[in-house]
Structures are given as structure tokens and as C-alpha cells.
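Spelled out from the first residue to the last, the chains are:
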Amino acid sequence: MTIAGDLHLAEPEIHVGPGRLDDRPTAVALHNVTKVYRSGRRSVAALDGINLDVRRGSFTCIVGASGCGKSTLLNVLAGVDTPTSGQVTVHGRAGLMFQESALFPWLTVADNVALPLRLRKTARTTRQSRVAELLELVHLTDFADRRPHELSGGMRQRVALARALAQEADVLLMDEPFGALDAMTRDVLHDELERIWQQTGTTIVFVTHNVREAARLGDQVILLSSRPGRVAATFDVDLPRPRRIEERGVSDLATEITRRLRQEVARHGRHERRR
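Computed from a predicted model, the values in this text were never measured in an experiment.

(A) Just the overall build of the chain, in detail. A count of helices and strands for the chain gives seven helices and eleven strands. Looking at the 275 residues of the chain, the share that counts as buried comes to 51%. The contacts of the chain with a sequence gap of at least 6 include a subset with a gap of at least 24, amounting to 76%. For the chain, the accessible surface area stands at approximately 13,400 Å², while carbon and sulfur atoms represent 49% of it.

Shown next, in the form of C-alpha cells:
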């Protein structure tokens, strides 16, 4: 997808780490992507000159202060929103998963997962087989006939994940999917998501405001500046898996990212005061 228009130059980005993902094929590429929202005479730049490569099969986390354009970036990648200028390339099908599970309350777990397959008019026997595979993948086989209100918050997010995977997405875009969950449930789902990612080989782009979560899950962590969103820093995560959110390496990396994030927030505050 290529959008014509004036391009804004991004500030120089900082790259931290050995760049060990560089030899993988590209799954997602953004070149000078800018998104400006206009209402009457007023305009607000959400993204400004974003340049980003996401490697196939990688787990990329995007962090930044509230309002920095994280969700806008995912919407552009999903095709839900159109950039004002720049080029977006997604190799294969993109699927989107939100913070809220957004399950249909009148459908069973199995029927919620089957919905993308029904919309693609997948044959019934194939659909049933695929739903069974996905429910086994997220450890919900015994809950196929339950309704969403009978499930815990964590279980509903597992159903949402299975439904996202039913889209047969090559790139899974996740917008703070665990943000509303308690710490213990979130930690369990970190393990589940990592297991599923490793089993399926899906490319994941994961937006979160939780820096430690990003350090726990990501192959790389992209830090966006405060609005308008620009790539301020890229951190390659060279920590062995499986990781625990409380381990020293994750904590040290989270501290480094948080320090850089505070610099961005302070810089933005100074800029706003000068305006």
C-alpha cells in the first residue's frame, strides 16, 4: 500500500543491540509513514515519518507514552486506517486482537472461534477440525460449548486469541491484549502466548504500555516518542527463552527502556511548554 503526499522526516533513532534479526525475511515494512487527523481547520499528527522493519516469525513489542500513536500504528498495519503519506507493506494476511475480547455473548466458545472461518465460507468439516485444533492450542477444548459469561477474563482472552489465529493471519497485531487482566493471569498468558508463537511461527506485533511485559515477550522492543509518534529507539532483546517477568535480565532491560521513555516524555513536555 503506497500513499502519496508530503513526507515528514523522522528524528534519528537509537538502535540498541546486536541486530540478530537482520537475516530474517521482512514481514512488515513501514517507510516514512505519517498519519495526520484533520477536523475542520485543526490537524493532529499521530505518526510522523515512521520507518520500521519487522522480521518474519519475530515477536516485536511497541511501547510508548499514552497518546504516542501505538494503536494508530496497528490500525494502519491492519488496513483499518490509511496513512496520510508513506508506504506500508505487510507480507501476507494481518489479524488484529484488541484489549477487550469482544466475544459475541450469544455464541459458544467454539462458534466464536469459528466465526472468521464461517465468513470465509470454509467447509463445515474443515471448519470444525480447525476449531478443534485451535481450542486445543489455547487449552480450552473442554470449554467449547460454554458461553463467554461462563469464562474468566483470562479464558475469554484465550478464546479471542484462538479466533484471531482462525483468521489464518501471517502477522498477528495485538493491541494491549492483557492490559485489563490481573498480574497473575497476565503472567500465565505470557507463557501461553509465547508457547503458541513458537508453535505456529506467526509474526507478532504487540502493543503494550507495560515496559516489563515488552522485555519479557519481545525479540525487539520499539520505543515510540510522544505525539507525534516517531521511532525513538529500538532495543534488541538477546535474553534466552523461556523468560520470567521477575528475572534480572528482564528487569535490567525494562529499567533501560523506562529511562529512555522518561527522556522522551520530558522532551515532549519541554516542547509543549515552548509552544
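(B) Highlighting the side chain of Asp187. Mapped onto the elements of the fold, Asp187 is located in helix α5 (residues 183-200). When its relative accessible area of 15% is taken as the criterion, Asp187 is described as buried. Apart from the residues within four sequence positions on either side, Asp187 is in contact with Arg244 and Ile245.

(C) Just the nonpolar core, in detail. With 52 residues, the main nonpolar core has Leu193 and Phe206 as its most contacted residues. Per-element tally for this core: the top contributor is helix α4 (residues 153-166), with eight residues. Each of domain 1 (2-93 + 193-274) and domain 2 (94-168) gives at least three residues to this core. Ignoring anything within four residues of it in the chain, the contact list for Leu193 reads Phe59, Leu161, Met174, Phe178, Ile204, Phe206 and Leu217. Within the second largest apolar cluster, 23 residues are counted, among which are Leu52, Val76, Val171 and Leu224.

(D) Expanded view of the pairing of strand β11 (residues 231-236). Most of β11 is tucked away, with six of its six residues classed as buried. Connecting strand β10 (residues 220-224) to the antiparallel partner β11 that follows it, the hairpin turn spans six residues.

(E) Examining the packing of aromatic side chains more closely. For the structure shown, the criterion picks out four aromatic pairs. Relative to Phe206, the ring of Phe59 lies with its centre 5.8 Å away and its plane at 45 degrees, an arrangement referred to as tilted. One end of the pair, Phe59, is in strand β5 (residues 59-63); the other, Phe206, is in strand β9 (residues 203-207), with 147 residues separating them in the sequence. Residues Phe59 and Phe206 agree in their burial class; the two are buried. Ring geometry for Phe104 and Trp106: centres 5.1 Å apart, planes at 50 degrees, overall tilted. Classification of Phe104 as partly exposed rests on a relative accessible area of 30%. Overall, the relative accessible area of 58% leaves Trp106 in the exposed class. Through pairs of rings, three or more aromatic residues link up here, namely Phe59, Phe178, Trp197 and Phe206. In this structure, Lys35 is placed above the aromatic ring of Tyr37, and the distance from its NZ or CZ to the ring centre is 5.0 Å.

(F) Up close: the pairing of strand β4 (residues 42-55). Summarising the sheet, strand β3 (residues 26-39) and β4 pair through ten bridges and their orientation is antiparallel. The residue bridging Val28 from the neighbouring strand is Val54, located in β4. Connecting β3 to the next strand, β4, in antiparallel fashion are two residues, including Gly40 with a positive phi near 65 degrees.

(G) Broad picture of helix α3 (residues 124-137). For α3, which comprises 14 residues, the first-to-last C-alpha distance of 20 Å matches the rise-based estimate of 20 Å (1.5 Å per residue) to within 8%. Inspection of α3 places Arg127, Val131, Leu134, Leu135 and Leu137 among the buried residues, and these make up the whole buried set. The buried side chains of α3 occupy one side of the element, clustering within an arc of 150 degrees when seen end-on. The exposed set on the far side of α3, more than 90 degrees from its buried face, consists of Thr125 and Glu136.

(H) Representation of the confidence of the model for the chain within the structure. Model confidence for the chain is summarised by a mean pLDDT of 86, while 89% of its residues fall at 70 or above. pLDDT under 50 marks residues 1-20. Its contacts with residues more than four places away, or in other chains, come to 53 contacts.

Thresholds applied
- Residues numbered from 1 in each chain as written.
- Predicted model: local features only at pLDDT ≥ 70, side-chain atom pairs only at ≥ 80, totals over all residues.
- Heavy atoms only, no water.
- Helix = DSSP H or I, 4+ residues; strand = E, 2+ residues; numbered from the N terminus.
- Buried < 20%, exposed > 50% of the residue type's maximum accessible area, 1.4 Å probe, protein only.
- Contact = heavy atoms within 4.5 Å.
- Areas by Shrake-Rupley, 256 points an atom, 1.4 Å probe, with all protein chains shown as cover.
- Core = buried A, V, L, I, M, F, W, Y, C linked by side-chain atoms within 4.5 Å.
- Domains from an automatic or database assignment.
- Pairing = 2+ DSSP bridges.
- Phe/Tyr/Trp six-rings, centres within 6.5 Å; stacked < 30°, edge-to-face > 60°.
- Lys NZ or Arg CZ within 6 Å of the ring centre and 35° of its normal.
- Expected span 1.5 Å × (residues − 1).
- Arc of directions from axis to C-beta.
- pLDDT = per-residue confidence, 0-100.

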